[in-house]
Each structure stands twice: as C-alpha cells, then as structure tokens.
Amino acid sequence: MLRFAPSPTGDMHIENLRVAIFNYIIAKQEDVNFIVRIEDTDKEKNIEGKDTEILQILEKFALIHDRAGHQSENLHIHQTLAIRLLEEKKAFICTCTQEQLEADREEAKKKNIAYRYSGRCESVGAEELRRLKEEKTPFVIRLKKPEHNIVFHDLIQGERIAVPEEVDSFVILREDSTPTHIFASACDDMISGISLIIREEEHLSDTPGQKYIKELLGYEEETRYAHLPVILNAEGKQMKEDEAGSLKWLFEQGFIPDAIANYLILLGNETPSEIFTLPEAIRWFKLENLSKSPLKFDIDKLRSINRAHLGMMDDKKLSSLFGFADTEIGKLAKLYLEEASTINELESRIKPVFSPKDFESEWGKEMRVLEKIIAEAPMIQTFEEFKNYLMDKSGLEGENFFQPLRLLLTGAEEGPELSEIYPLIKSYILEVAS
C-alpha cells in the first residue's frame, strides 16, 4: 500500500503534487491501494477547508484514491502506543521546562556542537504517570535514544546511516497528549501497512526516527523509501516559497492538469518522450530513473507542454473552457496555439471574436459596410465565396477590405488566416460580425 500524506496548513504546491503523482503511479504499477492521509495533528496550523481542497485537486489530476482519512482519527491509537513504549521502558517521561531546554540549546551553541537532549529525565518511567497527572505537572513522553546505528536504503538517495546521537531522545507525545508528527506518521504507516514511502527530501531526516519507532513497536515488515529532490526557482529558492509553485496560481494562469502532471513527471527524469499522459507514464515510469540532484523549475518548458496538451484535447471539451459545447470552437481555439500557450491566452483571442466590435476605429466605416452586407447575406459555406460576395457587394478591395474584415470577424488586427477561421465561425456569423 502507498500513501500521500499532506498537511492542511496551506495551498497545495507542485512538490506536494509530484509526491502524490509518483505514489499513485507506483500503486497502479504494483496493483496495491493508494490512500490519502490528511496529517492534521498540528491543530494550530490547520486551515479550515484545506483538506477538502486537497482532495478536489487530486480529483482534477485523476489521482483516484482507495481511501481517505484524517490522522487525528487515530489519536487514541497513537496515545496507546506511546504509553505501551513507556511501560516497556523504551520511552520515558520528561518534565524539563522550556527554560531548561533553551538553556541546554544555548550551552550547545556556545560549544559549537549540535543540540542533543541532556538525558535529565531518562529514569522517569510509567510509574510516575499517575502522580504527575494528579499534580498537573506538565510532561512529554520521549523515546529512549537508540544504542545502534539506524540504516536504511533510499531508492533515490542511496544507503543512509544515522548514528544514535543523530536520532536522539525525541518527543513522541506532547504536553496536551497529542502525538508529534514523526510519531503519528510512523504509527499510521505501520497500521496501514505502507510498503513504500515516497515523499519530499526535507523528510529524509525523519526517516531514521520513524524506522526506529517501528522497530521498537515490533513491526517487522520491510518499508522502502524514496525521497524526491527539491524543486528550485530561477533564484535558487524552493518552489514552495514561490507563488509560481502554487497549484492555485498555475490554475489561475490557465495551465491544465494534464500538462502540469506531464511536466512534473518529466522533470529530472528519463522518459521515452517529452509529451505524454498519466496512463502512458504508468507503463514505463521507474523511480530509479529520477535525478537525486535539486531540480530547476522552468515555466517556459511548462508553457510548451501546456500548449501541446491543449492541442491534444478533444475539440468539444476545449470549447467548453470558453463557454461553448461546439467542436468547431475547439478547432478555432487550436488555430491560436501558435501564439498562445494557456487557457487564459486562448480566451484572450477567442473572446474578442464573440464580443461587440469597435466601430470607432480607423476602419470603422468599412466595418459598418461589411456588417450590413453580412446581416443581409444568405449562409455562405466557403470563405472564398464569402470573400467574393462581400467584395462584390461592398466595392472594397485590398487592405481596405481585408483589414476591416479581420477586425469585424476576430476583433484583432493579426491572427490566423481568415480562410481558416471563417469555416469555424460561420454558424455564429451574425453574432460575430456585429
């Protein structure tokens, strides 16, 4: 089983989505369940409605899950497992105050060494639990530091070794009896039987601790890991800190799901072609082919891929993006793909075709003449016949004919050939030429 475990604490970004896509692909390849676990244990940071938004985005990308739930639903299980570790003397109660911990950090800083828990409370066991609760003494539960190295193999990053000091005696249950992220995630992965964890590289440091938690709880099933390299913008900053890395922003700019998914799978990967769909990627995708180096986000490459996918879209479906249900309007939109790459850019070309025209322009007089002739003309099938009919009735020719006609039919001074446009708008000609 594979999982996508986002936190409902902000807008979903492309690094989140890349994780979801790869988990979905591998789940399909291995014919196992793909679940979504909303990691909502940090109540102060949760934003109402973000969990629903995450699920809606996954649906947009056709990343269909077998089950979805919230981490907080397992709170009782997390607490029970933490107490079990305490009773088995694999964990201990820590009553250190924030002032004591801060003093320890300052001391480590002065010595220019990494901060590690002092071990001050390591002898406080489960027998003290009732007394501390009755006295209302604040406490947390910490895991006892391992006595051996934690070794694991990452499918992208290679073999990793963490010494006991790196793992340290970390907190698994907070003062309010809620689990820390590292503990809750390890428990949930164990409970769900997650066989492969694909996530962002920033979680690589959590892996030794989570592997150690499962070891102490007696979990013997093998878990594979794959940590995806960070995606950077042109300035070398993480895309999650860049507006352009937000899916909300990309949608607002007119990028479509198929193109975004294509780009994120292509990024830092060996692929048989540059343009492909998600179902096609499922047939050949391999985690081992992914780069382990930081990746650069290229908006121009995404634009190019977006243009290709708009060109591949069903004509009627494409027309629906502009308020139509007509294959001819979809074909009309595709005529503009040489100069447009996004839905927004296409709309800026299509909308003027069906909007009231400006008869106060330089060619307004000629446009009025052509408008009147078109309003009284019969339906004409071909552009050649249409052009000859208008020329004959108006007496206009050359630039005095073609420029006002283009403005009347498209609302723009430049664009695709009118001979290509006319057959696609002739059914709307009275609406267009007005």
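All values derive from a computational prediction rather than experimental measurement.

Bringing the overall build of the protein into the picture now. A count of helices and strands for the protein gives 20 helices and twelve strands. Relative to its length of 434 residues, the protein is extended, with a C-alpha radius of gyration of 31 Å against a globular reference of 22 Å. Across the 434 residues of the protein, 48% fall into the buried class. For the protein, contacts bridging at least 24 residues in sequence account for 73% of all contacts bridging at least 6.

On the secondary structure map, glutamate 366 appears in helix α16 (residues 364-376). Of the side chains bearing the opposite charge, lysine 365 lies closest to the buried glutamate 366, which forms no salt bridge; the N-O distance is 6.5 Å. When near neighbours in sequence (up to four residues on either side) are disregarded, glutamate 366 contacts Leu396, Asn400 and Pro404.

To continue, consider the sheet that holds strand β4 (residues 91-94). Taken in spatial order, the three strands of this open sheet run β4-β5-β8, and their pairing is antiparallel. On the outer flanks of this sheet lie β4 and β8 (171-173), each paired with one strand and no other. Taking each pair of neighbouring strands and ignoring which way they run, the sheet shows an average axis angle of 45 degrees. Here four bridges tie β4 to strand β5 (residues 140-143), and the two strands are oriented antiparallel to one another. When the sheet's bridge partners are listed, phenylalanine 92 is paired in β5 with arginine 142.

Tallying each qualifying case throughout the model produces 24 salt bridges. A salt bridge links arginine 37 to aspartate 188, with the nearest nitrogen and oxygen atoms 3.8 Å apart. Of the two residues, arginine 37 sits in strand β2 (residues 34-38) while aspartate 188 sits in helix α7 (residues 181-192), which places them 151 residues apart along the sequence. Judged by relative accessible area, arginine 37 falls into the buried class, the value being 7%. With its nearest N and O atoms 2.9 Å apart, the salt bridge here joins arginine 131 to glutamate 135.

Under the defined criterion, the tally for this structure stands at one cavity of 30 Å³ or more. In this structure, the largest cavity spans a volume of roughly 30 Å³. In this structure, the largest cavity is lined by Glu15, Arg18, Val19, Glu200, Leu228, Pro229 and Ile231. Sorting elements by how many residues they give to the lining of the largest cavity places helix α1 (residues 14-30) first, with three residues. Looking at the lining of the largest cavity, its residues break down into four nonpolar, no polar and three charged.

This next bit is on the packing of α1 against helix α10 (residues 257-266). Direction vectors running N to C along α1 and α10 enclose 80 degrees, while the axes themselves pass 10 Å from each other. Comparing their axes, α10 and α1 come out roughly perpendicular. Between α1, through Ile14, Leu17, Arg18, Ile21, Phe22 and Ile25, and α10, the contact on the second element is made entirely by Ile260, Ala261, Leu264 and Ile265. Across the contact of α1 with α10, the residue classes break down as nine nonpolar, no polar and one charged.

Counted according to the given criterion, the structure contains 14 aromatic pairs. Relative to phenylalanine 297, the ring of tyrosine 263 has its centre 5.6 Å away and its plane inclined at 85 degrees; by these criteria the two rings are edge-to-face. Linking tyrosine 263 in helix α10 with phenylalanine 297 in the loop between β12 (295-296) and α12 (299-312), this pair joins segments that are 34 residues apart in sequence. Residues tyrosine 263 and phenylalanine 297 agree in their burial class; the two are buried. A ring pair is formed by phenylalanine 401 and phenylalanine 402, whose centres lie 5.0 Å apart and whose planes are at 80 degrees; its orientation type is edge-to-face. Put simply, the rings of Phe324, Phe354 and Tyr428 touch in pairs and so form one group of aromatic residues. Cation over ring: lysine 60 sits above phenylalanine 251, and NZ or CZ is 5.2 Å from the ring centre. Its end group placed over the ring of phenylalanine 359, arginine 368 keeps NZ or CZ at 3.7 Å from the ring centre.

This next bit is on a negative patch on the surface. A contiguous patch of negative charge on the surface is contributed by Glu362, Glu399, Glu413 and Glu414. Topologically, glutamate 362 is positioned in the loop between α15 (343-353) and α16.

With respect to the helices and strands, aspartate 40 occurs in the loop between β2 and α2 (50-60). Buried and unpaired, aspartate 40 has no salt bridge, with arginine 37 as the nearest side chain of opposite charge at 8.3 Å. A polar side-chain atom of aspartate 40 sits 3.3 Å from the main-chain amide nitrogen of glutamine 71. Discounting chain neighbours no more than four positions away, the residues touching aspartate 40 are Pro8, Asn46, His70, Gln71 and Ser72.

The rules behind the values
Residues numbered from 1 in each chain as written. Predicted model: local features only at pLDDT ≥ 70, side-chain atom pairs only at ≥ 80, totals over all residues. Heavy atoms only, no water. Helix = DSSP H or I, 4+ residues; strand = E, 2+ residues; numbered from the N terminus. Rg over C-alpha atoms; globule rule 2.2 N^0.38 Å. Buried < 20%, exposed > 50% of the residue type's maximum accessible area, 1.4 Å probe, protein only. Contact = heavy atoms within 4.5 Å. Lys, Arg positive; Asp, Glu negative; His and termini not counted. Salt bridge = Lys/Arg side-chain N within 4 Å of Asp/Glu carboxyl O. Pairing = 2+ DSSP bridges. Axes fitted to C-alpha atoms, helices over the stretch in contact; angles between N-to-C directions. 1 Å grid on protein atoms, 1.4 Å probe; cavity = no way out; pocket = protein on both sides within 12 Å on 5 of 7 lines; lining within 4 Å. Points joined across faces, edges and corners; volume = space filled by probe spheres on them. Nonpolar A, V, L, I, M, F, W, Y, C, P; charged D, E, K, R; others polar. Parallel < 35°, antiparallel > 145°, perpendicular 65-115°, else oblique. Phe/Tyr/Trp six-rings, centres within 6.5 Å; stacked < 30°, edge-to-face > 60°. Lys NZ or Arg CZ within 6 Å of the ring centre and 35° of its normal. Patch = residues over 30% accessible without salt bridge, like charges linked within 9 Å, V, L, I, M, F, W, Y side chains within 5 Å. Areas by Shrake-Rupley, 256 points an atom, 1.4 Å probe, with all protein chains shown as cover. Charge placed at Lys NZ, Arg CZ, Asp CG, Glu CD. Polar contact = N/O pair within 3.5 Å; in protein donor to acceptor, adjacent residues only side chain to side chain.

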